[in-house]
Amino acid sequence: MAGTTALPLQQLIASLDNTCLPKILQVCSGVYFQGSIYEISGSEVCFSTGDLIKVIGIELLSVSFQDIINNEKFELPINHTGLFKVVPEEMPYSTVEEMVSLRPVGLESCLPFTFTSRSKMTFGNLTLGAGKALTVISVERREGDEDQVRCHVRGQQEASAEVCIPLSSRGEFFECESEECFTLKDIMSSASLCSRRFRFNNPIKSDKPFILSPIYQVHAIMHLRKNVLKFPSSLEVDVIDVTELCKDVNFVTPLSLTEVLSQSDESFPTVVEILEGPETRPPFKCNWLAELSKNEHLVFHKKGTSAMVLLSSLKSRKAQQYFLVSQQYGGRFRRRPREFNSVYELYVALVQAPGLTVSVTRNSEEVEEEGLPGLSVGEQLKVVRWERIELPCGSSEGKKQSVEALLCQRLQEEDDGDDDDDDDDDDDGDEKKAKQENEKEEIFLPLYMQGHFVEVLSDNKKYKLKDLGKGFSLPLDVKVVSRDTELETDPLVGFACLRIEGSMLEPTIEASFPHRPDHCFEIPTQWLTMSVSFTKDPLPWPSNQPPKCHVDRVTEVTDTFFYEFRKQGNSDEAPPPRPPKRNLLSSDLPKKSSKASKKASKAGKSKPQPDKGVPTKELASLTLNSKKRPPAPPPPVIFDDQPPPVVPRKHSAPEMTTSKALPNTYVKMEESLKIASVCDVVADEDSDHDYETVDDNFATMMKKAQENVMFY
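Read on for an overview of the structure. Just so you know, these numbers come straight off a predicted model, no measurement behind them.

**A short note on the overall build of the chain**
Check the secondary structure of the chain and you find 15 helices and 39 strands. Of all 712 residues assigned to the chain, the portion counted as buried reaches 35%. Taking the intrachain contacts of the chain between residues at least 6 apart in sequence as the baseline, contacts between residues at least 24 apart amount to 71%. A total of about 45,000 Å² of accessible surface is found on the chain, and carbon and sulfur atoms cover 49% of it.

Spelled out as structure tokens, the structure:
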């Protein structure tokens, strides 16, 4: 290590960029430990003298500010929006070229800049006095001649001139303070600006000069360690660059699955070691996932891109399941009719695949005031197109609102003809059919209308999975009618209906375990996070005799995978339309019933029978279950010399008439109120009596009510 110079880690990392990596550094400043490394990398790290660190990546983390006067330090994020000005150097430049070379390169604001000379300058017939300000406009490169800078000089009485000064001109030149401002990103992207002093453009914050230093997050690996370290470059460690001296040192290089895909095809097949297993809650449910633990070995056969589809089971009493299936799946499917719970779902299906025919599965009443048609179970509708129409929408003033709707045709049921008809009747049948085609009833279904429909299918053909993706739009309901014979167990068999949610092209790695190299599975690299390293272990089969691999084509995934997939595909999908505002007065208008409800009303015209379980109006006012119970009467007045009344025992009705106990005041009040209401009725003038008669039924009810209240 002779001839090498130790530098602070911050200074050496600041001089690097990702194009010159990797670099091997050696620690030479003793032992260093910082607890924050443990929090960042997840493992305790201690740099000791002589340790080798292989830097594989750097990432700008923040910017450190150091006050030159007070030597105070603080940090600002790289996305800080403040502006900064360059503080002119106090030491003079000896040549114009030296001054120009320290200007920021690649920035639009690098020119113009202004400088002065301590002594007078003579260029041909032009002489410039000491302290004259010169503004550099451009740098002129000349082939075969000396390069020059074109400067603007302002003379007396606002007179101005241009002069060309050779870059080799010597003297004492001082840079003037410029009005140009820079952001933190501009300063960090220029090596010449990073070495300058700055101050805030807003002097209210601070007018003191300071030095800016980038702080990087260093990604590195250490000798004889397998995990990637992440630590800030601001650690107070002195290191030296030993890249040329340690070329032959073997570092274990951790690779993510995405980095494995970037390896050449000649690197496969190979045996890898798992350095970091998958996360605690991976989005897969499969047997091989549990074996992907730290220090285990895998065989990576090849990398590639697989066409896959996402299947989901329909909601039922059991938990809904989701499957990621390769399009090389060998089973056969048969289409299943889709179910729709609104007209908007019909519209979405129509956009995806025109020519949709559905059957109504639930009656819908016709609401003439709102323009909603009536639908009966079993009716077939052919969805034609989307239109914008005007409907009353419950407005009592006759005003109509423009709404989105689907134009549908009611399909007439074909009449079964007699089998004994002659051939001459065929022509009549064709004419009748043509006439029915012309007389199809057209109805409009608003998109916000609720309804229940099922798709009408006439296709009973068996399909491969890849053929379904080519011939039909998704989502699509299917059922497995023949299993994949290459799979030991086919988890898709047995479901009454599966829905193909969507298709995708996934970068995958075909892998297997060393003890079963022929039983392979595909790892979707974008959905699984783990770290591996390539080893030099031999492959678990004879040389040049690879086994015939059987790949699992079905992988069960979690609902998290399904929701993430839906978010990626339907992020811009518009919500269904809301129904228009209805007039509150329209709720009192009678609704026109549908055909099904009319038939039900005709069939039920018999005289309604009274419900014996519901009390009559008179009895309901006396029962304890009545919601409007009268207030309890005040307790009877009891004098001090009289004993309190004794609560009567429960007796039969005849005994109650002879009892000397005080009457129940609550029932007595109720009875008085009832008798008063009866007395208000006008007497019959034809009657011979001058008193009111009480109906026997009402008397019986009164008696029962008294008993119920008395024994409450």
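**Considerations on the packing of aromatic side chains**
Two measures describe an aromatic ring pair: the distance that separates the ring centres and the angle between the ring planes. Taken as a whole, this structure holds 20 aromatic pairs when the rule is applied. Centroid distance Phe65 to Phe84: 5.8 Å. Interplanar angle 50°. Geometry classified as tilted. Taken together, the positions of Phe65 in strand E5 (residues 52-67) and Phe84 in strand E7 (residues 84-86) put the pair 19 residues apart, joining distant regions of the chain. Residue classification places Phe84 among the buried positions, given a relative accessible area of 0%. Taking 6.3 Å as the distance between ring centres and 70° as the angle between the ring planes, the aromatic pair formed by Phe268 and Phe534 counts as edge-to-face. Of the two residues, Phe268 is situated in the loop between helix H6 (257-261) and strand E22 (270-276) and Phe534 in strand E37 (residues 531-534); the sequence distance between them amounts to 266 residues. The exposure class of Phe534 is partly exposed, given its relative accessible area of 29%.

**Topic: the pattern of salt bridges**
Two side chains bearing opposite charge may form a pair once their charged atoms approach each other closely. Evaluated as defined, the whole model comprises 18 salt bridges. For Glu455, the salt bridge goes to Arg338, with nearest N and O atoms at 3.0 Å. Here Glu455 is found in strand E32 (residues 450-455), whereas its partner Arg338 is found in the loop between strand E26 (332-335) and strand E27 (339-342), with 117 residues between them in sequence. In terms of burial, Glu455 and Arg338 fall into one category: buried. In this structure, Asp477 engages Arg499 in a salt bridge whose closest nitrogen and oxygen atoms are separated by 2.7 Å. On the criterion of sequence distance, the pair formed by Asp477 in strand E34 (residues 476-482) and Arg499 in strand E35 (residues 498-513) is long-range, its members being 22 residues apart. Overall, Asp477 belongs to the buried group, its relative accessible area being 3%. Connected through salt bridges with shared partners, the residues Glu140, Arg150 and Glu162 form a single ionic network.

**Details of the sheet that holds E27**
Within the open sheet, the six strands sit side by side as E27-E32-E28-E29-E30-E31. Their pairing is antiparallel. Lying at the two open borders of the sheet, with one neighbouring strand each, are E27 and strand E31 (441-446). Between one strand axis and the next, the sheet turns by 45° as a mean value, whatever way the strands run.

**Considering the nonpolar core**
By size, the foremost hydrophobic cluster in this structure holds 31 residues, and its most contacted members are Phe284, Trp288, Leu292, Phe300 and Leu528. Only H6, E22, strand E24 (297-313), strand E25 (322-326), E35, strand E36 (516-524) and helix H10 (559-569) provide two or more residues apiece to this core. Each residue touching Trp288, except ones within four places of it in the same chain, is listed here: Phe513, Phe521, Glu522, Ile523, Leu528 and Thr555. In this structure, Val343, Leu346, Leu372 and Leu375 belong to the second largest nonpolar core, which totals 25 residues.

**Description of helix H7 (residues 343-352)**
All of the buried residues along H7 are Val343, Tyr344, Leu346, Ala349 and Leu350. Contacts from the buried residues of H7 go to E27, strand E28 (356-360), strand E29 (380-391), strand E30 (401-411), E31 and E32.

**With respect to the side chain of Ser233**
One can find Ser233 in the loop between strand E19 (229-232) and strand E20 (238-241). Relative accessible area serves as the criterion here: at 0%, Ser233 is assigned to the buried category. A distance of 2.9 Å separates a polar atom in the side chain of Ser233 from a polar atom in the side chain of Gln10. Not counting residues up to four positions away in its chain, the partners in contact with Ser233 are Leu9, Gln10, Ile13, Pro214, Ile215, Tyr216 and Val218.

**Topic: the pairing of strand E12 (residues 133-140)**
Bridge count for strand E9 (residues 113-117) against E12 is four bridges, and the pairing is antiparallel. By the bridge assignment, Thr116 is partnered in E12 with Ala133. With six bridges joining them, E12 and strand E13 (residues 148-154) adopt antiparallel strand pairing. When the bridges of E13 are listed, Val139 appears paired with Val149.

What counts, and at which threshold
Residues numbered from 1 in each chain as written. Predicted model: local features only at pLDDT ≥ 70, side-chain atom pairs only at ≥ 80, totals over all residues. Heavy atoms only, no water. Helix = DSSP H or I, 4+ residues; strand = E, 2+ residues; numbered from the N terminus. Buried < 20%, exposed > 50% of the residue type's maximum accessible area, 1.4 Å probe, protein only. Contact = heavy atoms within 4.5 Å. Areas by Shrake-Rupley, 256 points an atom, 1.4 Å probe, with all protein chains shown as cover. Phe/Tyr/Trp six-rings, centres within 6.5 Å; stacked < 30°, edge-to-face > 60°. Salt bridge = Lys/Arg side-chain N within 4 Å of Asp/Glu carboxyl O. Pairing = 2+ DSSP bridges. Axes fitted to C-alpha atoms, helices over the stretch in contact; angles between N-to-C directions. Core = buried A, V, L, I, M, F, W, Y, C linked by side-chain atoms within 4.5 Å. Polar contact = N/O pair within 3.5 Å; in protein donor to acceptor, adjacent residues only side chain to side chain.

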